Amino acid sequence: MNLRYKISLSLIVTTLVPVSILIFFVLWHVTNDAEKDTKHTIQNYLQLMSSKLSDEFYSSIREIEIYAQIDQVKSLDPVQFQPVLKKELLRQNGRYEKLLVSDKKGHLYNTVCGNLAQNYKCTFDDNDPKSKPKVLTSRKYWQETVGNNLSEKAVTHLSDPIISYSTGVSQLIIATTVFDGNQLKGMVGASIEWNRISTMITDLTRSTFSQFNWTPKVMLISSSGTYWYHWDEKKLVRLKQNGKGEVVKDAKGLPISVSSNIYQEPEVELHESHTAMMQRLSGVTEFTLKETGETNYLFYSPIASSQYSIALMVSEKNINQVSYELKNLYAFVFVISLCVFMLAAIWIAKAITDPIGRLVGQANRLKEGNYQAESDNAGTGELNELSQTFSQMAKVILDRQKRLEMSEERFELAMKGANDGLWDWHLDTNKVYYSPRWKKMLGYDSDELTQDSSTYFNLLDNKEHKHLQDEIESVKSSDENTFKYKIRMRHKKGHLVHILTRGVVVRDEEGNAIRFVGTHVDITELTENEEKIKKLNYDLEKTVKERTLKLEVANRHLEELAMLDMMLNIGNRRGLERHLNLMHTRFKEEGQNYAVLLFDVDFFKKFNDYYGHQEGDNTLIQVVNCLNAQLVKSDQIYRFGGEEFICVLPESDLERAYTQARKMVKEVASLQIKHDKSDYGVVTVSVGCAQVSGGDVSWEQIIRRSDKALYTAKENGRNQVSDVYLTSETIIDSKMA
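Sequence order as written defines the numbering, with residues in each chain counted from 1. This being a predicted model, a pLDDT of at least 70 is required before a residue's local features are given, and a value of 80 or more before pairs of side-chain atoms are given or counted; all residues contribute to the totals for chains, interfaces and linings. Only hydrogens and water are removed before side-chain values are computed, so all heavy atoms of the structure are retained for them.

(A) Structural view of the sheet that holds strand β12 (residues 295-302). One requirement defines pairing of two strands: DSSP has to find at least two bridges between them. Under the DSSP-based scheme used, a helix requires at least four consecutive residues in state H or I and a strand at least two consecutive residues in state E, with every element numbered from the N terminus. Pairing within the open sheet is antiparallel, and its 5 strands lie in the order β8-β7-β13-β12-β11. In this open sheet, the two edge strands, each paired with only one partner strand, are β8 (227-230) and β11 (283-288). Within the sheet, the average angular offset between the axes of one strand and its neighbour, ignoring direction, is 20 degrees. Sheet topology places strand β7 (residues 217-221) next to β8; 3 bridges connect them, and they run antiparallel. In the strand pairing of β8, M219 is matched with H230. On top of the sheet, helix α5 (residues 194-208) reaches β7 and β8; it is set at about 45 degrees to β8, its chief contact. Simply put, an axis is a line fit to the C-alpha atoms, just over the touching stretch for a helix, and the angle between two N-to-C directions goes from 0 to 180 degrees. Whether two residues are in contact is decided by their heavy atoms, any of which lying within 4.5 Å being enough.

Written out as structure tokens, the structure reads:
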């Protein structure tokens, strides 16, 4: 194999093979990153849709909870709440399909139906006075808020998709419990048409995934796995029909709805994904479609304020669409590059071997002592000049070799330090070589500055002189062969330049330093950036401390508000429990007595019914202010519930508590607040007194005794004080049970 083919093959093997490997590695890395970026983008877009749907559900839930606080709704009297709800339905301008109310028996009242003969209950035929009423007892939202709510707690429920009894349209129900005082009365809810939610999801899908050229397959899945929204319409919630196309109804005459569930899918991975959804997690699951064998991905994200999750199914082909395009592009570029490179390798080999062949022929003639140039090379130039200079080359080789060795040594030593501004200090002659880059770093041209050590020290900052001289002497006397230190030197324009100098020490056979060779690196910008970072860190720490302090103050303020009854400006039940926990702990640990007074405004329900709730609130404020005025600084009054209040008297026995209570009863009566429905003609209070005893395990026992005493005061005619002398026995009456 001749030289030309060897060079061509060497170029291909040594260059093309590594380049090919690099291209394939870059291709793999880029396509892998493209796939990850696409998945991350899709997940972010899905979470954006989830956030927007969450905002929609949250605002509706808050509105329904506000409806439950309206007095007309609390009354559960259709004559009172129907006008209010119909007016609110008009104000919502189509947001809700209807508003509905149900009592504890499950009777349905709403804004689109009502049988006048049956006090506006919704019936199967509202025009028939004897028609059978519709009930919600089979609806899950009624069971959650009323039927199964045995603890009578405030419950808000967002239903699965259902079919309306009254309108027959697909809908979801947002329902919440209705209380009058502490008594569970029923529920109030709103029906949101499925078409509105479906349109919202469709619009969000279209706008969110518009940048992709594939059709998004979006699903909305409930906590039970039911598809609420699905790209395949066959899996949507619908009415059950028989073979004749008629709607199938249950035993109560109500239409039956059917739905599809994620657990009906044959892919087990989808079932596992739903388990993660129920844990309110976001993620992506890879699975294989049983029907086609195609790899797909299910992206999912929970929707806050609801039991639903939004999901998107995307095929691997669509995920990797960008990767496929990149692979095709890289393959095309690689083939073109391969062809170009092979042609270039052949041309380079030819360009190299032709002159070498002629030069070898001339060298052979010189070897044979033939110093005559070839007759046909007279006009070629380079080879003719080369043959003429062979004889002159020997004369200058020795001189050039010495200078080349010195230059190579300087270059090698400089590379050990750093490749920047170079300086070479010969200690025996005090001569210093400064490279053009070294001078330019300080603003000087290559022909400026003298080549000795005085130049170095004259440009050095005055504060650095002694330190650098000590460093030089230390390096000379040590056995170290390298050095590194930071200095500041004066620029030609007057400012200081921060320099990092690194280098090596050249020693003679006895170990004495004879040369210093090093480099200068301009680290001014790096030094300034370090100072800026230090200042930014300091400012950041200061800001964090200030914000933390503000947050602590705000949290303390919120905690105080959580313990306060906003209308009466006294502590609420939460504050009372916190105070009594503290008092009972002191009693058990330090033996510090305390007593409580349980107040009840006499005949207050009659007062509210006769004078109205607004006047009732004003009366409560006057009574509380009067009671507060009789307390000393350590005594505290709290709202126990409705028109009941509790005064906590630290370090007090039953006798003092009784005396204090009688005074407070007289002061309330002296307010002369008119009360025609009271036996006394004015607003009065009854009080039950109780003192902590050694057998009390918790403060709840003293509250029960005070409630028993209050009951006695009421039985004896009200407007008076009663106390109970009990120690370790437990008293539980029907009110406290």
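(B) Spatial organisation of the packing of helix α15 (residues 604-611) against helix α16 (residues 613-629). It is at 7 Å that the axes of α15 and α16 come closest, and there the two elements cross at 135 degrees. By the angle between their directions, the pair α15 and α16 is classed as oblique. Residue-level contacts link F604, F607, N608 and Y611 of α15 to H613, E615, G616, T619 and L620 of α16. Classes in brief: Ala, Val, Leu, Ile, Met, Phe, Trp, Tyr, Cys and Pro nonpolar; Asp, Glu, Lys and Arg charged; the others, Gly included, polar. Looking at the contact of α15 with α16 residue by residue, the classes come out as 4 nonpolar, 4 polar and 1 charged. Here is the rule for angles: anything less than 35 degrees is roughly parallel, anything more than 145 is roughly antiparallel, 65 through 115 is roughly perpendicular, and the remaining ranges are oblique.

(C) Broad picture of the sheet that holds strand β16 (residues 482-490). Within the open sheet, the 5 strands sit side by side as β15-β14-β18-β17-β16. Their pairing is antiparallel. The open sheet has two edge strands, β15 (431-434) and β16, and neither has a second partner. Each strand of the sheet is rotated relative to its neighbour by a mean of 25 degrees, with strand direction disregarded. Here β16 pairs with strand β17 (residues 496-507) via 9 bridges, running antiparallel. Within β17, the position partnered with F483 by the bridge is G503.

(D) Expanded view of the pairing of strand β1 (residues 98-103). Relative accessibility under 20% of the residue-type maximum defines a buried residue, over 50% an exposed one, and the middle range a partly exposed one, all with a 1.4 Å probe and only protein chains included. For β1, the buried fraction is high: 6 of the 6 residues fall into the buried class. Pairing of β1 with strand β2 (residues 108-110) involves 3 bridges; the strand directions are antiparallel. Across the sheet, V101 pairs through a bridge with Y109, a residue of β2. Between the end of β1 and the start of β2, which pair antiparallel, lie 4 residues, with G106 showing a positive phi angle near 90 degrees.

(E) Region of the structure containing the state of the cysteines. Cysteine sulfur atoms that come within 2.5 Å of each other are treated as a disulfide pair. Following the criterion strictly, the structure yields 1 disulfide and no others. Between the sulfur atoms of C113 and its disulfide partner C122 the distance amounts to 2.0 Å. Taking the sign of the S-S torsion, 95 degrees for the link of C113 and C122, the bridge is right-handed. Assigned by exposure class, C113 and C122 land together as buried. For the unlinked cysteine C689, the closest cysteine sulfur is that of C647, found at 10.0 Å.

(F) Summary view of the pairing of strand β24 (residues 685-691). In terms of residue burial, β24 counts as a mostly covered element, since 6 of its 7 residues are buried. Here strand β21 (residues 594-601) runs beside β24; their pairing, made up of 7 bridges, is antiparallel. Counted as the bridge partner of A595 is Q691 from β24. Sheet analysis places β24 next to strand β25 (residues 721-723), joined by 3 bridges and oriented parallel. Each residue of the ladder has a partner; that of C689, found in β25, is D723. Place the viewer so that the strands point away; then a crossover is right-handed whenever the path from the first strand over the helix to the second strand goes clockwise. With helix α18 (residues 700-715) bridging β24 and the parallel β25, this β-α-β connection has left-handed handedness.

(G) Spotlight on a nonpolar patch on the surface. Nonpolar side chains collect at one region of the surface, where L329, F332, V333, I336 and V340 lie side by side and expose about 480 Å² of accessible area between them. Following the sequence through the fold, F332 ends up in helix α8 (residues 321-367). Using a relative accessible area of 56% as the deciding quantity, one classes F332 as exposed. Like charges within 9 Å and nonpolar side chains (Val, Leu, Ile, Met, Phe, Trp, Tyr) within 5 Å are joined into patches, using only residues over 30% in relative accessible area that form no salt bridge. Computed with the Shrake-Rupley method and a 1.4 Å probe, the accessible areas treat only the protein chains shown as cover for residues. Think of a salt bridge as a Lys or Arg side-chain nitrogen and an Asp or Glu carboxyl oxygen that are within 4 Å of each other.

(H) Summary view of the pattern of salt bridges. Counted by the stated rule, this structure contains 20 salt bridges. Here K235 ties to E265 by a salt bridge, and the two come within 2.7 Å at their closest N and O atoms. Placement of K235 in the loop between β8 and β9 (238-239) and of E265 in the loop between β10 (257-258) and α6 (268-278) is noted, with a sequence separation of 30 residues between them. For K235, a relative accessible area of 22% gives the class partly exposed. Where R488 meets D461, a salt bridge forms, and the shortest distance between an N and an O atom there is 3.1 Å. Of this pair, R488 sits in strand β16 while D461 sits in the loop between α11 (453-459) and α12 (465-477); the two residues are 27 residues apart in sequence, bridging distant segments of the chain. Judged by its relative accessible area of 24%, R488 falls in the partly exposed class. In this structure, a network of salt bridges that share partners links the residues E56, E63, R95 and R196.

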